[in-house]
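This is what each chain is made of:
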There are 2 protein chains.
Amino acid sequence: MARPRAFDERHVLERAREQFWAAGYAGTRMDDIARATGLGKGSLYGAFGDKAKLFHRVFDDWCTAVVEVAEGQMAGGPDAEALTRLSGYVHLMAENTASDTERRGCLLAKGAAELAQHDPAVAGRSAETMTALLTLLRTEISAAQRHGDIDSAADPERLAALLLTVVRGIEAVGKAGLDPETLRNIADTALAVLPVREGQKRLAAGRSPAREN
Amino acid sequence: MARPRAFDERHVLERAREQFWAAGYAGTRMDDIARATGLGKGSLYGAFGDKAKLFHRVFDDWCTAVVEVAEGQMAGGPDAEALTRLSGYVHLMAENTASDTERRGCLLAKGAAELAQHDPAVAGRSAETMTALLTLLRTEISAAQRHGDIDSAADPERLAALLLTVVRGIEAVGKAGLDPETLRNIADTALAVLPVREGQKRLAAGRSPAREN
DNA sequence: TCAGTTGTGGAATGGATCGTCCATAATCTA
DNA sequence: TAGATTATGGACGATCCATTCCACAACTGA
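Residues numbered from 1 in each chain as written. Chains lettered and ligands numbered in written order. Predicted model: local features only at pLDDT ≥ 70, side-chain atom pairs only at ≥ 80, totals over all residues.

J.: Looking at this structure, I do not really get the overall build of chain A. What am I missing?
T.: Looking only at helices and strands, one finds 9 helices and 0 strands in chain A. In sequence order, the secondary structure elements of chain A are arranged as α-α-α-α-α-α-α-α-α. Dimensions of chain A, computed from C-alpha atoms along their principal axes, come out at roughly 70 × 40 × 30 Å. Looking at the 213 residues of chain A, the share that counts as buried comes to 48%. In chain A, of all internal contacts separated by at least 6 residues, the share reaching a separation of at least 24 is 65%. (Helix = DSSP H or I, 4+ residues; strand = E, 2+ residues; numbered from the N terminus. Buried ≥ 20, exposed ≤ 12 C-beta atoms within 10 Å, placed from the backbone. Contact = placed C-beta atoms within 7 Å.)

J.: How should the protein's contact with DNA strand D be read in this particular structure?
T.: In the vicinity of DNA strand D, 23 residues are found, and the nearest of them are Ala2(A), Arg3(A), Gly40(A), Gly42(A) and Arg3(B). Sorting the residues of the surface near DNA strand D by element identifies helix H3 (41-48) of chain A together with helix H2 (30-37) and helix H3 (41-48) of chain B as the ones contributing at least two each. No other element matches H3(A), which puts 4 residues into the surface near DNA strand D. Looking at side-chain class alone, the surface near DNA strand D contains 9 nonpolar, 5 polar and 9 charged residues. (Near = placed C-beta within 6 Å. Nonpolar A, V, L, I, M, F, W, Y, C, P; charged D, E, K, R; others polar.)

J.: What should I look at first to understand the interface of chain A and chain B in this one?
T.: Buried accessible area, meaning the area lost when the parts come together, often serves as the stated size of an interface. Across the contact, 48 residues belong to chain A and 48 residues belong to chain B. Taken together, the elements giving at least two residues each to the side of chain A that touches chain B come down to helix H1 (9-27), helix H6 (107-115), helix H7 (120-147), helix H8 (156-176) and helix H9 (180-192) of chain A. A total of 14 residues in the side of chain A that touches chain B trace back to one element, the largest contributor, which is H8(A).

J.: Can you help me understand unusual backbone geometry in this one?
T.: Note: most peptide bonds trans; most residues except glycine with negative phi. Residue and element names in this part refer to chain A. One non-glycine residue with positive phi stands out, namely Arg-103, at about 60°. Assignment of secondary structure puts Arg-103 in the loop between helix H5 (82-98) and H6. For Arg-103, a count of 15 C-beta atoms within 10 Å translates into the label partly exposed.

J.: I'm lost on the relation of the copies chain A and chain B in this one. Help?
T.: With an RMSD of 0.0 Å, the operation that places chain A on chain B is a rotation of 180° combined with a shift of 0.0 Å along the axis. Viewed as a symmetry operation, the transformation between the two copies matches a two-fold axis. When C-alpha positions in chain A are compared against the rotation axis, the closest is assigned to Gly169(A), at 1.7 Å. Residue by residue, 100% of the interface of chain A is reproduced at the interface of chain B, so both copies engage with the same surface. (Least-squares fit on C-alpha atoms with pLDDT ≥ 70 in both.)

J.: Help me out: how do you make sense of the protein's contact with DNA strand C in this one?
T.: Around DNA strand C lies a shell of 25 residues, among which Arg3(A), Ala2(B), Arg3(B), Gly40(B) and Gly42(B) are the nearest. Going through the elements one at a time, helix H2 (30-37) and H3 of chain A together with H3 of chain B are the ones with two or more residues in the surface near DNA strand C. Per element, the largest residue contribution to the surface near DNA strand C is 4 residues, and it comes from H3(B). Residues of the surface near DNA strand C, tallied by class, amount to 11 nonpolar, 5 polar and 9 charged.

J.: For this particular structure, what's the right way to read the domain arrangement of chain A?
T.: The domain boundaries assigned to chain A delineate domain 1 (8-49) and domain 2 (58-211). In the side of domain 1 of chain A that touches domain 2 of chain A, the residues fall into 7 nonpolar, 1 polar and 1 charged. (Domains from an automatic or database assignment.)

J.: I'm lost on the packing of H1(A) against helix H4 (residues 51-73) of chain A in this one. Help?
T.: When two helices pack together, you describe them by how their axes are tilted relative to each other and by the distance separating the axes. Residues and elements named next belong to chain A. Axis separation between H1 and H4 bottoms out at 10 Å; the angle between their running directions is 95°. The orientation of H1 with respect to H4, classified from their angle, is roughly perpendicular. Contact residues: H1 offers Leu-13, Ala-16, Arg-17, Phe-20 and Tyr-25, while H4 offers Leu-54, Phe-55, Arg-57, Val-58, Asp-61 and Trp-62. Looking at the contact of H1 with H4 residue by residue, the class counts come to 8 nonpolar, no polar and 3 charged. (Axes fitted to C-alpha atoms, helices over the stretch in contact; angles between N-to-C directions. Parallel < 35°, antiparallel > 145°, perpendicular 65-115°, else oblique.)

Dropping the structure here:
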């Protein structure tokens, strides 16, 4: 060890994330990141390698955060509240997209759309993330089934995949231009159509206040 | 009129679409398009203006085609088959993504993700397209409700938004790495959870053969 | 046939951008 | 304090790419 770094690596990654998030991979210049972080090019390249490696770091952290948010909402708990936790997660994701007035979308979706086809690292990491989210959703659905809030004859794996698709789909249609109120309604509707246990009926169109977060 | 064009404009647009589809906007070079079409740069710029205008033409055509495919599957018809038409559309979209082994995804999603934020033309066109798809879906859902295949107490607008989200979501999670079989299952599950009329019960997890396309 | 007009294609241009280089600065060890 | 090591940051080189330019070709109307 000789001269120590004068910058905080996490701080630099955060700034870099802002740039990539706002403009995508191709759209952000290393000069932008250098200016945004105050680092010189030499430090940047010395610390992170090159643009692709830097993006991989940022993308990786983002994916970790996406899963952590899901874990935060669905950290497990009493089966009686499993459906509430599920509802909370889906509504949170919808709200994130609905309130994204700048239309930046999610870096996971943006990065995958731009790079997954040609960059195995991005493709692999995004697939991993999907799998992790699926597992979390499936666990909560199973819990809700044990408590009788969801029809136990339904396949939790399939319901989990459906909910994941809805969550990622809300992000997609939001970026495509659907208005925030519609996005929130989609989350409600998706939760309302989940199959309830025998003898318990709901309307698909309405919110179910008892389960709202 | 003097010297006539030696190329077919539609043909050039098709080739350009291939390029943009495969590599995105930033990722395709005008040189690529020139080589792919056999045109010289002069002809290209003379006929289409610049890269952005050329992309807008391609994107516009794509959006038109997306709506036409939906119209082809849901062109209206007897109410008795409305649910079948809906099912056919959702399964077709899932199959498109599932069989997209090159992971190119949909140019609508790719273009929106890359450009909608900064290009009002792309944002507007993609929003228009979403609205058109919503209308088609809502019409079929209403028809299925009239026939009694879907609970008439449900809001068709909301169910339409949910199905659109699932369709676009399948494309998103497909690009993110979920396997083809899972994608097909998602389409099945989404159709299976639609609220049926009173007295008619199904399991969310299984296919409903009578409604399969 | 001839002039006028539009299309063609490839060379040239200008600007942008990634990554390297290097003189200098800061810190550690002895 | 001196030498070794690593960090810094801005200038520079090389490349890439969208767009323009221009000499020439093909066609129309007279």
